[in-house]
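The chain contents come next:
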Amino acid sequence: MSKLLEGKLALILGIANRWSLAYSIAQAFSREGASLVLTYLGERQKVAISELSQDFDIAALIPCDVTKDEEMAALAASLLALGRPLHAVVHSLAFANREDLERPFTETSREGFLLAQNVSAYSLVGVARAAVPVMTAGGSISTLTYLGSTRVVPNYNVMGVAKAALEASVRYLASELGERGIRVNAISAGPVKTASARAIKGFSSILEAGDRTPLRRNTDPAEVADTAVFLASDLARGVTGNVIFVDSGMHVMGF
Ligand code: IMJ
């Protein structure tokens, strides 16, 4: 079969290290023939990303702190400066204060709540605003979410509320950008041992629940990445406003 993303340019935000879901997605996009624009947060990640992306066709490496309006404006300018249409965006970013993922939800501070919303949900809107002017041939915007947006998952707390806002943002963006031929979707990944997940207390017990999913196993990052390829490809031309679960079927279970 020919490559699914041949001739396409994709922006991927959220590679921090080799365990990042965004990194698995970049690998799968490269395998399918896409050229990549990657963003990083701070110099340390720049070095890490350059090393990880040696085998990829990289069109640009751009610094981007999504909490800074100047950096979002600079991202929009850098995308325009590439002088070619962008076909796909993958947003794989989230952050909450560690204390807010450990303390009772009732103890969430206003500041911590707003930080989680800013980095994890609002950023999708800002990234869409930066990318849409260069998505002149239409295309796809995808983000990563988690079951904790609609169900209570112990300790997910403020991130669950941010993912709920993110998923609602997907629907409003999908409705607005459809007329430009831009589709917007979320992938709800099952628990994967990334650096952000490992930092969570009790994460190993969450992985043990893999045995009780329909597929009787945990989610492989490559499965999440292949769904991201599908969404960015023309195979998904009729798919927008969705939350697609790539979680071994975990979300259907009631016990
Ligand atoms: C995160 C917290 C609690 C339970 C969790 C997770 N489960 C899973 C995650 C069950 C799968 C990972 N996840 C889906 C996330 O969205 C993680 C977000 C996150 C993680 C950290 C850790 C370190 C830190 N801030 C963070 N902010 C967001 O300082």
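Residues numbered from 1 in each chain as written. Predicted model: local features only at pLDDT ≥ 70, side-chain atom pairs only at ≥ 80, totals over all residues. Heavy atoms only, no water.

Draft legend 1. Quick look at helix α4 (residues 110-131). Its 22 residues place the ends of α4 30 Å apart at the C-alpha level, agreeing with the 32 Å of an ideal helix rising 1.5 Å per residue. At Y122, α4 shows its maximal bend, which comes to roughly 50°. (Helix = DSSP H or I, 4+ residues; strand = E, 2+ residues; numbered from the N terminus. Expected span 1.5 Å × (residues − 1). Bend = angle between axes of the 7 residues up to and from the residue.)

Draft legend 2. Seen up close, the pairing of strand β6 (residues 182-189). Of all the eight residues making up β6, eight are buried; the element is thus mostly covered by neighbouring parts of the structure. Where strand β5 (residues 139-145) lies against β6, seven bridges are found, and the strand directions are parallel. Residue L144 lies in a different strand from β6, and its bridge partner there is I187. On the question of chirality, the crossover connecting β5 to the parallel β6 by way of helix α5 (residues 157-177) is right-handed. The pairing of β6 with strand β7 (residues 243-246) spans four bridges and is parallel. Bridging across to β7, A189 finds its partner in V246. (Buried < 20%, exposed > 50% of the residue type's maximum accessible area, 1.4 Å probe, protein only. Pairing = 2+ DSSP bridges. Right-handed = clockwise from strand over helix to strand, strands pointing away.)

Draft legend 3. Inspection of the packing of aromatic side chains at higher detail. By the definition in use, this model includes two aromatic pairs. The interplanar angle of 40° and the centroid separation of 6.0 Å between the aromatic rings of Y23 and F56 together place this pair among those described as tilted. Here F56 lies in the loop between α2 (42-52) and β3 (58-63) and Y23 lies in helix α1 (residues 21-31), a separation of 33 residues in the sequence. By relative accessible area, which is 13% here, F56 ends up buried. Between the aromatic rings of Y146 and Y156, the centroid separation amounts to 5.0 Å while the plane-to-plane angle is 70°, which identifies the pairing as edge-to-face. Of this pair, Y146 sits in the loop between β5 and α5 while Y156 sits in the loop between β5 and α5, placing them ten residues apart in sequence. The burial state of Y146 is the same as that of Y156; both residues are buried. R18 extends its terminal NZ or CZ atom over the ring of W19, reaching a point 5.8 Å from the ring centre. (Phe/Tyr/Trp six-rings, centres within 6.5 Å; stacked < 30°, edge-to-face > 60°. Lys NZ or Arg CZ within 6 Å of the ring centre and 35° of its normal.)

Draft legend 4. Region of the structure containing the sheet that holds β7. Spatially, seven strands are ordered β3-β2-β1-β4-β5-β6-β7 in an open sheet, and the strand pairing comes out parallel. Looking at which strands have only one partner, the edges of the open sheet turn out to be β3 and β7. Between one strand and the next, the sheet's axes are offset by a mean angle of 20°, whatever the strand orientation. Pairing geometry for strand β1 (residues 9-13) and strand β2 (residues 35-40), over five bridges, is parallel. Bridge pairing links L13 to T39 in β2. Of the strands in this sheet, β2 and β3 touch α2, which is tilted by about 155° from β2. In the packing of helix α8 (residues 221-232) onto the sheet, the strands contacted are β4 (88-91), β5, β6 and β7, and the crossing angle to β6 comes to about 170°. (Axes fitted to C-alpha atoms, helices over the stretch in contact; angles between N-to-C directions. Contact = heavy atoms within 4.5 Å.)

Draft legend 5. Region of the structure containing the packing of α4 against α5. Where α4 meets α5, the closest approach of the two axes is 9 Å, and the angle between their N-to-C directions is 20°. With respect to their mutual orientation, α4 and α5 come out roughly parallel. Seen along the crossing, α4 lies across α5 with a hand that is right-handed. Packed against α4, whose contacting residues are G112, F113, A116, Q117, S120, A121, L124, V125 and A128, the element α5 presents V158, M159, V161, A162, A165, L166, S169, V170 and L173 at the interface. Classifying every residue of the contact of α4 with α5 gives 14 nonpolar, four polar and no charged. (Parallel < 35°, antiparallel > 145°, perpendicular 65-115°, else oblique. Left-handed = near helix turned anticlockwise from the far one by under 90°. Nonpolar A, V, L, I, M, F, W, Y, C, P; charged D, E, K, R; others polar.)

Draft legend 6. Focus on the pattern of salt bridges. Throughout the structure, instances matching the rule amount to seven salt bridges. Residues D226 and R31 are paired through a salt bridge, measuring 2.9 Å at the closest nitrogen-oxygen approach. Separated by 195 residues along the polypeptide, D226 in helix α8 and R31 in helix α1 bring together distant segments of the chain. What makes D226 partly exposed here is its relative accessible area of 38%. A salt bridge links D100 to R103; the shortest N-O distance between them is 3.2 Å. What emerges from the salt-bridge pattern is a single network uniting R31, E32 and D226. (Salt bridge = Lys/Arg side-chain N within 4 Å of Asp/Glu carboxyl O.)

Draft legend 7. Expanded view of the environment of A59. Counting through the fold element by element, A59 comes out in strand β3. On the basis of relative accessibility, which here comes to 29%, the residue A59 falls in the partly exposed class. In sequence terms A59 and R171 are 112 residues apart; their C-alpha atoms lie 30 Å from each other.

Draft legend 8. Molecular detail of the side chain of S20. Examined against the element boundaries, S20 turns out to sit in the loop between β1 and α1. Assessed through its relative accessible area of 9%, S20 is described here as buried. Polar side-chain contacts of S20 include one of 2.9 Å to the backbone nitrogen of A16. Here the side chain of S20 touches N17 through a polar contact of 3.0 Å, landing on its backbone nitrogen. For S20, the residues in contact, after removing those within four places along its chain, are G14 and I15. (Polar contact = N/O pair within 3.5 Å; in protein donor to acceptor, adjacent residues only side chain to side chain.)

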